[in-house]
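# Fold and geometry: a report
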Amino acid sequence: MSDTSPKTGTTRKHTALPKAKILIEALPWLTRHHGKIVVIKFGGNAMVNEELKAAFAQDVVFLRHAGLKPVVVHGGGPQISAALDRHGIVSEFKAGLRVTTEDAMDVVRMVLAGQVQRELVGLLNQHGPLAVGLTGEDAHTITATKHTPEIDGKSVDIGRVGEITQIDTGAIEALLADGRIPVVSSIARSQDDGHVYNVNADTAAAALAAALGAETLMVLTDVEGLYEDWPNSDEVISRLTASQLEKLLPELSSGMVPKMEGCLHAVRGGVNTARVIDGRVQHSILLEIFTDEGIGTMVVPDEKPDEQGES
């Protein structure tokens, strides 16, 4: 017995040690982010792949139990397109936005609040009574007016697509104070005509992050981050300032524009960091927040003049 016991003890120590090291590596980040609000825009492939959805829910619940205050904002492009097809409504896009007729808006509302949100709330609540779903309509959380984009110098009517004019964080803050995880669908109440609007989820997440005074905004997408010189290079820009991002915006692909504009709006609105991360990587949220390596692209505010002097 005396010969085998020490070996068993040694084996146990060795198998547990890597886990302990991982936890210790996370300690500075746990300390830094404790009690802070993190707004996460749920989208891309993570919304439709079952394993990624489950991993996302685990990550968000982990953040909550680690002392952070996660707020999830979601759209539902693929699900909306599928539902519109089933209802015989053609999906049309102009200026990168979905043309949303009155009939289409009924479907959008049903899918976001009745399907995507309910599924996500259910996944989170497998880990405890944590998640509560709401839309931007609830408690006047998101208010919008009609958005009329310009194409080739002409204003174009794209229906019930909204431009956010006001955020009321009261309901979300009450849920956070109660230890809940708010899950917000990107639908807004109208400021002026009693209807509802479909709003871009990236834009909604950024507006909420700024209004909540969030520590960080995280946007899940289907690329590794913002590329240095796409398509000539697949080098990802790991960090850039708001001014650097603003200069790059005109050169970006249409799909990245609302995400990066959202990041810019967030950090200009007082959010400390905004990150675009690869939602195709399991546990990408935890990798970004709690490790040295990090993944994706992080946007930070411009340095203030007194921070630019010699150290």
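Heads up: these notes are all about the structure in this document. None of these values were measured; they are calculated from a predicted model. Residue positions are counted from 1 within each chain, in the order its sequence is given. It should be noted that, the model being predicted, local features are given only for residues of pLDDT at least 70 and side-chain atom pairs only at 80 or more, the latter also being counted only at that level, while totals for whole chains, interfaces and linings use all residues. The basis for every side-chain value is the complete set of non-hydrogen atoms in the structure, without hydrogens or water.

### Some details on the pattern of salt bridges
Note on pairing: side chains with opposite charge can pair once their charged atoms come close. Each reported salt bridge corresponds to a side-chain nitrogen of Lys or Arg within 4 Å of a carboxyl oxygen of Asp or Glu. Enumeration according to the criterion identifies 15 salt bridges in this entry. Its salt-bridge partner being Asp157, residue Lys146 comes within 2.9 Å of it at the nearest N-O pair. In this pair, Lys146 sits in strand E6 (residues 142-146) while Asp157 sits in the loop between strand E8 (154-155) and strand E9 (162-167), placing the two residues 11 residues apart along the sequence. Note that Glu288 and Arg275 form a salt bridge whose closest N and O atoms lie 3.0 Å from each other. Remark: Arg275 occurs in strand E15 (residues 273-278) and Glu288 occurs in helix H9 (residues 284-290); sequence separation between them is 13 residues. Here Glu288 and Arg275 have matching classes, each one buried. Segments assigned H or I by DSSP are reported as helices when at least four residues long, segments assigned E as strands when at least two residues long, and all are numbered from the N terminus. Exposure categories follow from relative accessible area, calculated using a 1.4 Å probe and restricted to protein chains: below 20% of the type maximum is buried, above 50% is exposed, and the middle band is partly exposed.

### Brief notes about the sheet that holds strand E13 (residues 216-221)
A strand pair is defined by DSSP finding two or more bridges across the two strands. If you walk across this open sheet you meet the eight strands as E5-E10-E2-E1-E13-E15-E16-E14, and the pairing is mixed. Whereas interior strands pair on both sides, the edge strands pair on one side only; in this sheet they are strand E5 (131-135) and strand E14 (239-241). On average, adjacent strands in this sheet sit at an angle of 20 degrees to one another, irrespective of strand direction. Of the strand pairs in this sheet, strand E1 (residues 37-42) and strand E2 (residues 69-74) are connected by six bridges, and their pairing is parallel. Paired with Lys41 across the bridge in E2 is Val73. Any two residues having at least one pair of non-hydrogen atoms within 4.5 Å are treated as being in contact. All axes are obtained by fitting lines to C-alpha atoms, using only the stretch in contact for helices, and the reported angles, taken between N-to-C directions, cover 0 to 180 degrees. Sheet contacts for helix H6 (residues 201-212): E1, E2, strand E10 (181-185) and E13; angle to E1, the most-contacted strand, approximately 175 degrees.

### Section: unusual backbone geometry
A positive phi angle, close to 55 degrees, is found at Ala139, a residue other than glycine. Position of Ala139 among the secondary structure elements: in the loop between E5 and E6. For Ala139, a relative accessible area of 52% corresponds to the exposed category. With phi around 55 degrees, Asp152 is a residue other than glycine that occupies positive phi space.

### Concerning the side chain of Thr273
Structurally, Thr273 is set in strand E15. Distance and chemistry together define a polar contact, namely a pair of N or O atoms within 3.5 Å, with one atom able to donate a hydrogen and the other to accept it when in protein, and with adjacent residues in sequence counting only for side-chain atoms on both sides. Within polar-contact distance, the side chain of Thr273 engages the side chain of Thr216 at 2.7 Å. If we skip the residues at most four places from it in the chain, Thr273 touches Glu215, Thr216, Leu217, Val267, Met298, Val299 and Val300.

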